[in-house]
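# Analysis of the macromolecular model
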Amino acid sequence: MASVEIKKDIFWVGAIDWAVRDFHGYETPRGTTYNNYLIIDDDITLIDTVKEDFADVTIKNIKSLVSPESIKNVVINHIENDHVTSIDRIMALTPNATIYITEKGRKGLARFFDISNWNIKTVKTGDTLKIGKRTLLFLETPMLHWPDSMVTYLKEEKLLFSQDAFGQHLASAVRFDDEFITCASMYELDDAVIDYYANILMPFGQLIKAKIAEIQKLGIEIDMIAPDHGIIWRSHPNKILQMYLDMANGVAKEGVTIIYDTMWHSTELMTTPLMQGIKDEGLECKIIKLRATPMSVAVKEFWKYRGALFGSPTLNNTMFPTVAQILYHLSGLRPKNRIVGAFGSYGWGGGAVKEAYEFLKKMGLELYEPGLQINYKPSLEDETRCYDFGRDFAKKVKEYHQKFQS
Ligand code: FEO
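Residues numbered from 1 in each chain as written. Predicted model: local features only at pLDDT ≥ 70, side-chain atom pairs only at ≥ 80, totals over all residues. Heavy atoms only, no water.

### Considering the overall build of the protein chain
- Along its length, the protein chain carries 13 helices and 24 strands.
- For the protein chain, buried positions account for 58% of its 406 residues.
- A separation threshold of at least 6 residues defines the contact pool for the protein chain, and within that pool the share at least 24 residues apart is 71%.
- Carbon and sulfur atoms make up 52% of the accessible area of the protein chain, which amounts to about 17000 Å² in all.
- One finds the centroid of the 47 positive side-chain charges in the protein chain at a distance of 3 Å from the centroid of its 53 negative side-chain charges. (Helix = DSSP H or I, 4+ residues; strand = E, 2+ residues; numbered from the N terminus. Buried < 20%, exposed > 50% of the residue type's maximum accessible area, 1.4 Å probe, protein only. Contact = heavy atoms within 4.5 Å. Areas by Shrake-Rupley, 256 points an atom, 1.4 Å probe, with all protein chains shown as cover. Lys, Arg positive; Asp, Glu negative; His and termini not counted. Charge placed at Lys NZ, Arg CZ, Asp CG, Glu CD.)

Rendered as structure tokens:
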């Protein structure tokens, strides 16, 4: 895809990765894009680069606009591999350009590349760079989501180059939110935003709130947000800011995700009466079988709803491996403001439900106890127990959800 003008003399020069399905273990069924941007002003400025596999694509896009040796400034907003691994190709074409990066970014860059011959200026929050008619303002965003991260604001255009924040893993032939909504839907776009936030940014909710407050305190007006992945927010920049604030504040749907795995279908048979009980309390319910679902999708669905029930058969006195895996993964994502419980089946000794609660307790989530265990295959009486468990859990979800209603 050729370059795309996003504002006068400011161009998207990135690459679309239609084929990627595994992004460091994160399932990306919609592919992704690596967005970088070229500002044509007195000093031509490149904001970010792309994953090394796509270096030729961005160089071609840049060459369609300017000669690469005319680039004076290269801003590196963060040094994760998908955005920085073609910097050596860019610097080979414009060896006198100056890189603008945070101090932590400079140190990290030196671990990936020989930077001894590159001009590098480190920047911190509040530093500016005049590039002609326009001015760049740098704003550090440490741990959003790497230690070196920053965002770059183009003052005169009210344009925020936000690196990963506000992005989505979404390959598309269109570049803007309004175009995407027209050719697909707002639901699909929102789903991609939630997916990205849940899998990448969930641990950083408090930092996100603080950074958005800092941006507002600085009086920064935002007319467009250009992230490093997915579509550019030109029609709904306030909507995406509000979505991030909502997620950071613990907003979730009043509903339940049942996340389970099964050996010989006994735990699986428990899910239908559980769901019926939840539904009869008036709550939405989604069922996720782990062996049939990518981990990142299960994380997204967990994150969407206020309540979650984890179901596991007992194997060797412990949880089934896929259930242990998602609980371990979720503990690293540090979810908050969710109420959780566990259920499962066992043949002789049991142990999975007890172990699931130990994990959930360590995560500091609101616990619904005790869990529900059935022996071998659920009987009709057991199905009633499941229904009642689901119904009672749904009541607790509704009560807990009230805490988040203003
Ligand atoms: Fe898209 Fe943090 O890299």
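### Regarding the pattern of salt bridges
- Enumeration according to the criterion identifies 25 salt bridges in this entry.
- Among the ionic pairs, D191 bridges to K300, the shortest N-O distance being 2.9 Å. Remark: K300 occurs in helix 10 (residues 295–304) and D191 occurs in helix 6 (residues 186–201); sequence separation between them is 109 residues.
- With relative accessibility at 5%, the residue D191 sits in the buried group.
- In this structure K300 comes out as buried when scored by relative accessible area, which is 8%.
- When the shortest N-O distance is used, the salt bridge between K354 and E358 registers 3.4 Å. Taken together, the residues K354 and E358, both in helix 12 (residues 352–362) and four residues apart, mark about one turn of the helix.
- For K354, a relative accessible area of 59% gives the class exposed.
- Because the salt bridges share partners, they merge into one network encompassing R30, E188, D191, K286, K300, E301 and K304. (Salt bridge = Lys/Arg side-chain N within 4 Å of Asp/Glu carboxyl O.)

### Side note on the environment of C183
- Along the polypeptide, C183 turns up in helix 5 (residues 177–183).
- Residue C183 is classed as exposed on the basis of its relative accessible area of 55%.
- Once the C-alpha coordinates of C183 and A173 are considered, the two residues, ten residues apart in sequence, prove to be 9.8 Å apart.

### Concerning the domain arrangement of the protein chain
- Per the domain assignment, the segments of the protein chain are domain 1 (4–248) and domain 2 (256–399).
- Look at where the C-alpha atoms of domain 1 and domain 2 centre, and you get two points 38 Å apart.
- If you look at the interface, domain 1 gives 13 residues, while domain 2 gives ten residues.
- Carbon and sulfur atoms supply 60% of the area buried between domain 1 and domain 2, which totals about 1200 Å² over both sides.
- By the criterion of area lost to domain 2, the three top residues of domain 1 are N199, M202 and P203, representing 44% of everything that side buries.
- For the interface between domain 1 and domain 2, the tally reads two salt bridges.
- Across the pair K304 and D191 runs a salt bridge, and its minimum N-O distance is 2.8 Å.
- Our enumeration of links across domain 1 and domain 2 arrives at five residue pairs in polar contact (both at pLDDT 80 or more).
- Mapped onto the side of domain 1 that touches domain 2, the elements with two or more residues apiece are strand 5 (26–27) and helix 6.
- It is helix 6 that contributes the most residues to the side of domain 1 that touches domain 2, seven residues altogether.
- Class assignment for the residues of the side of domain 1 that touches domain 2 results in nine nonpolar, one polar and three charged. (Domains from an automatic or database assignment. Buried area = accessible area lost by both parts, 1.4 Å probe. Polar contact = N/O pair within 3.5 Å; in protein donor to acceptor, adjacent residues only side chain to side chain. Nonpolar A, V, L, I, M, F, W, Y, C, P; charged D, E, K, R; others polar.)

### Thoughts on the packing of helix 9 (residues 266–280) against helix 13 (residues 380–402)
- Direction vectors running N to C along helix 9 and helix 13 enclose 40°, while the axes themselves pass 7 Å from each other. When the interaxial angle is binned, helix 9 and helix 13 end up oblique. Where helix 9 crosses over helix 13, the handedness of that crossing is right-handed. For the pair formed by helix 9 and helix 13, the contact residues are M270, P273, L274, Q276, G277, I278 and D280 on the first element and E383, C386, Y387, F389, G390, R391 and A394 on the second.
- Taken together, the residues that form the contact of helix 9 with helix 13 break down as eight nonpolar, three polar and three charged. (Axes fitted to C-alpha atoms, helices over the stretch in contact; angles between N-to-C directions. Parallel < 35°, antiparallel > 145°, perpendicular 65-115°, else oblique. Left-handed = near helix turned anticlockwise from the far one by under 90°.)

### A few points about the sheet that holds strand 13 (residues 135–140)
- The strand order 12-13-14-15-16 describes an open sheet built from five strands, whose pairing is mixed. Edge positions in the sheet fall to strand 12 (128–130) and strand 16 (224–226), since each has one partner strand and no second. Neighbour-to-neighbour, the strand axes of the sheet open up by a mean angle of 20°, direction not taken into account. (Pairing = 2+ DSSP bridges.)

### So, the sheet that holds strand 8 (residues 44–47)
- Ordered by their spatial adjacency, seven strands build an open sheet running 1-2-7-8-9-10-11, and the pairing between neighbours is mixed. Every other strand in the sheet has two partners, leaving strand 1 (4–7) and strand 11 (119–122) as the edge strands with one partner each. Taking each pair of neighbouring strands and ignoring which way they run, the sheet shows an average axis angle of 25°.
- For strand 2 (residues 10–12) and strand 7 (residues 37–39), the ladder comprises three bridges, and the chain directions are antiparallel. Of the residues in strand 7, the one forming a bridge with F11 is L38.
- Helix 4 (residues 103–112) rests against strand 10 (98–101) and strand 11 of the sheet, and its axis sits at about 120° to strand 10.

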